[in-house]
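Each chain is listed here by its residues.
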Amino acid sequence: MRAWMAVGYLCVFGSCIGFTAYLYILKKSTAARVGTYAFVNPVVALAIGWLLGGEALTPRTLLAAAVILTAVVLVITAPHRDPREAADTLPAPGEG
C-alpha cells in the first residue's frame, strides 16, 4: 500500500503540478533558464532523501551536486534577451 501511495504522490505532484509550474515559468522566462529544472530536480530529490529517508551522502555525491548547482547558477545568471523581444524578431508564420 505504501508503494502505491508513493506512486500516486509522484503522479499528482511530480506530473500534474510540476508540469503546470513548468508551463507557467516557460511563459515568464527563457527556455534556457526553464530547462535547468531538469538538473535541479535530482539534487532536490537527493536532499529530500537525506532529510526524510535517511539516505547517505558521500563526498562524491556532494561534489556532483555542487557541480550541478554551480552550472545552474551560471545559466540563470547569464545575460539573456527578454523572451518578448526574441518573439518580436521571429518571422510570423508564412513569412520568408
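This is a predicted model, so every value here is computed, not measured.

Calculation notes
Residues numbered from 1 in each chain as written. Predicted model: local features only at pLDDT ≥ 70, side-chain atom pairs only at ≥ 80, totals over all residues. Heavy atoms only, no water. Helix = DSSP H or I, 4+ residues; strand = E, 2+ residues; numbered from the N terminus. Buried < 20%, exposed > 50% of the residue type's maximum accessible area, 1.4 Å probe, protein only. Areas by Shrake-Rupley, 256 points an atom, 1.4 Å probe, with all protein chains shown as cover. Patch = residues over 30% accessible without salt bridge, like charges linked within 9 Å, V, L, I, M, F, W, Y side chains within 5 Å. Salt bridge = Lys/Arg side-chain N within 4 Å of Asp/Glu carboxyl O. Phe/Tyr/Trp six-rings, centres within 6.5 Å; stacked < 30°, edge-to-face > 60°. Axes fitted to C-alpha atoms, helices over the stretch in contact; angles between N-to-C directions. Left-handed = near helix turned anticlockwise from the far one by under 90°. Contact = heavy atoms within 4.5 Å. Nonpolar A, V, L, I, M, F, W, Y, C, P; charged D, E, K, R; others polar. pLDDT = per-residue confidence, 0-100. 1 Å grid on protein atoms, 1.4 Å probe; cavity = no way out; pocket = protein on both sides within 12 Å on 5 of 7 lines; lining within 4 Å. Points joined across faces, edges and corners; volume = space filled by probe spheres on them.

Regarding the overall build of the chain
Point 1. Within the chain, the secondary structure is distributed over five helices and zero strands.
Point 2. The secondary structure elements of the chain, listed N-terminal to C-terminal, are α-α-α-α-α.
Point 3. For the chain, the residues scored as buried account for 8% of the 96 residues in total.
Point 4. Of the roughly 7,900 Å² of accessible surface on the chain, 71% is carried by carbon and sulfur atoms.

A few points about a nonpolar patch on the surface
Point 1. On the surface, a cluster of nonpolar side chains totalling about 500 Å² of accessible area is made up of Tyr 9, Leu 10, Val 12, Phe 13 and Ile 17.
Point 2. As for its placement among the helices and strands, Phe 13 is situated in helix α1 (residues 2–28).

A word on the packing of aromatic side chains
Point 1. Following the criterion strictly, the structure yields two aromatic pairs and no others.
Point 2. When the centroid spacing of 6.4 Å and the interplanar angle of 25 degrees are considered together, the rings of Phe 19 and Tyr 22 count as stacked. In this pair, Phe 19 and Tyr 22 both sit in helix α1, three residues apart, roughly one turn of the helix.
Point 3. On the basis of relative accessible area, Tyr 22 is assigned to the partly exposed category, the value being 27%.
Point 4. With 5.0 Å between their ring centres and 55 degrees between their planes, Tyr 22 and Tyr 37 make a pair best called tilted. Within this pair, whereas Tyr 22 is found in helix α1, its partner Tyr 37 is found in helix α3 (residues 37–53), the two being separated by 15 residues in sequence.
Point 5. Judged by its relative accessible area of 42%, Tyr 37 falls in the partly exposed class.

Description of the packing of α3 against helix α4 (residues 59–77)
Point 1. Axis separation between α3 and α4 bottoms out at 10 Å; the angle between their running directions is 145 degrees. When the axes of α3 and α4 are compared, the crossing they make is left-handed. Seen from α3, the contacting residues are Phe 39, Val 40, Val 43 and Leu 46; seen from α4, they are Thr 61, Ala 65, Ile 68, Leu 69 and Val 72.
Point 2. Taken together, the residues that form the contact of α3 with α4 break down as eight nonpolar, one polar and no charged.

A closer look at the confidence of the model for the chain
Point 1. Of the residues in the chain, 84% have a pLDDT of 70 or more, and the chain-wide mean is 83.
Point 2. Here helix α5 (residues 83–89) stands out as the least confident element of the chain, with mean pLDDT 61; α4 is the most confident, with 92.

Overview of the layout of surface pockets
Point 1. Roughly 420 Å³ of internal volume is contained in the largest pocket.
Point 2. Lining the largest pocket are 15 residues, with Phe 13, Gly 14, Gly 18, Asn 41 and Val 44 positioned closest to its centre.
Point 3. Sorting the residues of the lining of the largest pocket by element identifies α1 and α3 as the ones contributing at least two each.
Point 4. Per-element tally for the lining of the largest pocket: the top contributor is α1, with nine residues.
Point 5. Of the residues that constitute the lining of the largest pocket, the class distribution is 12 nonpolar, three polar and no charged.

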